[in-house]
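So you can see what is in the structure, the chains are spelled out below.
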Amino acid sequence: MTHNASSALLHAALDAVLHGWYVFPLRPDTKRPALHGETACTGTGPCADGHRKWEDRATNDPDRIQAAWQHAPYNVGIATGPSRLVVVDLDVPKDKSSSDAPCGAATFAALCERAGHAVPDTYRTRTASGGEHLYFTVPHGLRLGNTAGTIAPFVDTRAWGGYVVATGSITPAGRYEAPYDRLAAPLPAWLQAILQPAPKASEAPSVAVAGQSRRYADVALDNEARNVAAAQVGVREGTLFRAARALGRFVAWGDLPRSVVEQALQAGGEAAGLSASECRSTLRSALNWSIAHNQSRRDTA
């Protein structure tokens, strides 16, 4: 790699810092972190008090960045959690034989349409594989995790515990580019509602009697149905999605029939102003996901 290319990567790292983001080096020409892993940690230097992974060592200090990028033409990773970002990754199907398979951009656009909104105008990167990364800022105190295909096919998100490859980085497949000069927009409320995790099963009352567990499920169903019916324009789709994902575990455990959940949430969604088809589509995908991921009942219930 030429000196000019190496300088361009340093500039890319510093440009990310100007946006307020935290960066760390990726191995040249790859998407893999250049920092050592836990098994190779010597317990010295930055790790003297214990191993620090890439998320802990990501920085917005220009001096540290200058020093690091003098050693090699590193690509640039952005640690999304410390940067207070959620990045929506719109991927493309890996199997090129199926030309009619929808890409992440198409499924995300459909999700936005069902929520009653246009695809948000925000900072975006065109990835080397032909996909897109949409950047959104999140408020202080909101700690979201990563998702993989849970909100729509070929749509992942990166937040705490995740990172993305920054604009200007280069891989054998091509360069990561930002086609438009935009600032990262705030995370839309309707999308935040989808991404916020449903209450953990351990938050349910710890009871041993199946009848008590079913009564808790009934209360949860009533509460979620009321929340959906009262949801305002802009967050209706997300509220319905979260409610179905939260109640799906009770369907998986046998505490609630799926038809009862669907009927209650369908009525709530339509009362909030969503169309019948929008409700059915959202409920189908959210319940299918939740049931598939909650096959084991909590042991302490």
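A. Just the pattern of salt bridges, in detail. Tallied over the full model, the rule gives six salt bridges. With a closest N to O distance of 3.0 Å, Arg-182 and Asp-121 form a salt bridge. Highlighted residues: Arg-182 in the loop between strand E10 (174-175) and strand E11 (185-186) and Asp-121 in the loop between helix H4 (104-114) and strand E4 (124-126), separated in sequence by 61 residues. Residue classification places Arg-182 among the partly exposed residues on the basis of a relative accessible area of 34%. Here Asp-156 ties to Arg-158 by a salt bridge, and the two come within 4.0 Å at their closest N and O atoms. With a relative accessible area of 16%, Asp-156 lands in the buried category.

B. A look at the confidence of the model for the protein chain. Considering every residue of the protein chain, the mean pLDDT works out to 85; 88% of them sit at 70 or more. Between residues 201-209, whose pLDDT stays under 50, and residues either more than four places distant or in other chains, the model counts twelve contacts.

C. Looking closely at the sheet that holds strand E1 (residues 23-26). The strand order E1-E2-E8 describes an open sheet built from three strands, whose pairing is antiparallel. Because the sheet does not close on itself, it has two edges, and the strands there are E1 and strand E8 (163-165). Neighbouring strand axes in the sheet, compared pairwise and without regard to direction, differ in orientation by 35° on average. Summarising the sheet, E1 and strand E2 (residues 75-79) pair through four bridges and their orientation is antiparallel. Bridge pairing in E2 links Pro-25 to Val-76. Contacts from helix H3 (residues 62-69) reach E1 and E2, with the element oriented near 5° to E1.

Cut-offs applied
Residues numbered from 1 in each chain as written. Predicted model: local features only at pLDDT ≥ 70, side-chain atom pairs only at ≥ 80, totals over all residues. Heavy atoms only, no water. Salt bridge = Lys/Arg side-chain N within 4 Å of Asp/Glu carboxyl O. Helix = DSSP H or I, 4+ residues; strand = E, 2+ residues; numbered from the N terminus. Buried < 20%, exposed > 50% of the residue type's maximum accessible area, 1.4 Å probe, protein only. pLDDT = per-residue confidence, 0-100. Contact = heavy atoms within 4.5 Å. Pairing = 2+ DSSP bridges. Axes fitted to C-alpha atoms, helices over the stretch in contact; angles between N-to-C directions.

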